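Close look at the chain arrangement
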Amino acid sequence: MDTDNVGMRPKLPLVDAEVSFTFEELFFSRTDPRGIIQTGNTVFQRVSIYDWNELIQKPHNVIRHPDMPRGVFWLFWDMIKRGEPVGAYVKNRAKDGRYYWVFAIVTPIEGGYLSVRLKPSSPMFATIAQEYASLLAAVPDNKAGAKIGAEILSQRLSALGFDDYASFMATALSQETAARDQRLGRRPDAARACFDELQTAAKSLLKQADLIFEAYARSEYVPINLRVQAAHLGRSGTVIDTISSNYNLISTEIRNNMDRFIASAASVLKTINDGLFLLCTAKIQRETADQFRREIAQSQGAEGGDRNAEMRLLEAQRAHYRQKTIDGLAAINDRAGSFRRDCAEMKRLAAGLEVTRIMGKMESARLAVVKDGLNELIDDLEAFQTTISDNLKDIDANNLTIQNTARNLAALVEGAPQDYTARIR
């Protein structure tokens, strides 16, 4: 007979019905490093339908639903064991066999982990629920299948346009907090909107860096072909041979800088995604703390421990993630500044290409050689140089947008310790 993790009591059969709770309600629970429940709030206890004595000092997976792929938890634990906060859509099972969905945010604390959860409703939620069902059908629900499932899920998220799980969870949490605000009749959060602007600018940076790399790849053999043309021209090709050598030196230097250049652009985007997740986490933690304070006033919640001590822990965690948000905004500004320095080096190289291109065009016109393809090679050189110059201009503009937006956000967050999102509106 199927049993739960609370003693060896038989589980009730699964019920295809959802436990009801409101968008305003937030869950919170705290576990030790092994995932053993230490305490929680009334929402957690009521929606799970377990009594407190059935939850405290029991594994958190007492509420695991069999529809949850183990691969999700593999990713989950892989991140939090590294000391990183993590978020995920989770389908839970109540004591009576019904289900309920949450978006869970788990953050490391001294002596374990703190989890806060909200009710999901964004379009992303429906997409991921389908992905979970597909994953569950494709991979055995056992420990051996957990890592395989995690790899498949990562591949599916990549197909959906996410660089990694961290970028997915940042976008998902942002969408869920926005959907929740809308459901509760709140005005859009301007801070989150600013992060959307930062994300858009950073994605453009990466795309523009990729375009430069693609242009380099298309013109990689131009120096060799120019040298072939110079050999065909004999003595008349001396200048072309020199142009080929100059072009080869500059393009090689560009190639040597390209990996760092693209990595720098990717770093800007990652830092922004991390900052977005921290911002939304701080917001939900603040609301959870406010909700828990009301529970304490009504003498409810936080069974299994000192309620005032739990309140202090929540407050400390909220302050910690607010500071992490500020630090993250500073890091965004620093990353963008570093990328601008990389851009300055690329501009220097692009200027050298411009000189080489002009020399090549002048020499081609002087020689009046068309039939052997010299003009086409010079055109290829011009296309490469134009692509670099144009994209570097756009990159510079996006960098400035990122730096200015990050500085403005940081100033607002630092200036409003109680509720910075309200201050930004």
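Residues numbered from 1 in each chain as written. Predicted model: local features only at pLDDT ≥ 70, side-chain atom pairs only at ≥ 80, totals over all residues. Heavy atoms only, no water.

Notes on the overall build of the protein
Looking only at helices and strands, the protein has 11 helices and five strands in total. Against the compact-globule benchmark of 22 Å for 425 residues, the protein has a radius of gyration of 28 Å, which places it well outside the compact range. The dimensions of the protein, computed from C-alpha atoms along their principal axes, are 95 × 50 × 35 Å. Within the protein, counting contacts between residues at least 6 apart in sequence, those at least 24 apart form 73% of the total. (Helix = DSSP H or I, 4+ residues; strand = E, 2+ residues; numbered from the N terminus. Rg over C-alpha atoms; globule rule 2.2 N^0.38 Å. Contact = heavy atoms within 4.5 Å.)

Here's the deal with the pattern of salt bridges
Going through the model one piece at a time under the given rule, you end up with 30 salt bridges. Between arginine 186 and glutamate 287 there is a salt bridge whose closest N-O contact spans 2.8 Å. Highlighted residues: arginine 186 in the loop between helix 5 (165-183) and helix 6 (190-218) and glutamate 287 in helix 8 (residues 238-297), separated in sequence by 101 residues. A relative accessible area of 33% places arginine 186 in the partly exposed class. Lysine 270 serves as the salt-bridge partner of aspartate 274, at 2.9 Å between the closest nitrogen and oxygen. Here the residue aspartate 274 and the residue lysine 270 both occupy positions in helix 8, the gap between them amounting to four residues, near one helical turn. What makes aspartate 274 partly exposed here is its relative accessible area of 29%. Take lysine 270: its relative accessible area is 45%, and that puts it in the partly exposed class. In this structure, a network of salt bridges that share partners links the residues Arg180, Asp181, Arg186, Asp189, Arg192, Lys283 and Glu287. (Salt bridge = Lys/Arg side-chain N within 4 Å of Asp/Glu carboxyl O. Buried < 20%, exposed > 50% of the residue type's maximum accessible area, 1.4 Å probe, protein only.)

What about the packing of helix 7 (residues 222-233) against helix 10 (residues 374-414)?
Running from N to C, helix 7 and helix 10 point in directions that differ by 155°, and their axes come no closer than 10 Å. Relative to helix 10, the element helix 7 is oriented roughly antiparallel. Crossing geometry of helix 7 relative to helix 10 is assigned as left-handed. Contact residues: Val222, Asn225, Leu226 and Gln229 in helix 7; Leu374, Leu377, Ile378 and Asp380 in helix 10. Of the residues in the contact of helix 7 with helix 10, the class split is five nonpolar, two polar and one charged. (Axes fitted to C-alpha atoms, helices over the stretch in contact; angles between N-to-C directions. Parallel < 35°, antiparallel > 145°, perpendicular 65-115°, else oblique. Left-handed = near helix turned anticlockwise from the far one by under 90°. Nonpolar A, V, L, I, M, F, W, Y, C, P; charged D, E, K, R; others polar.)

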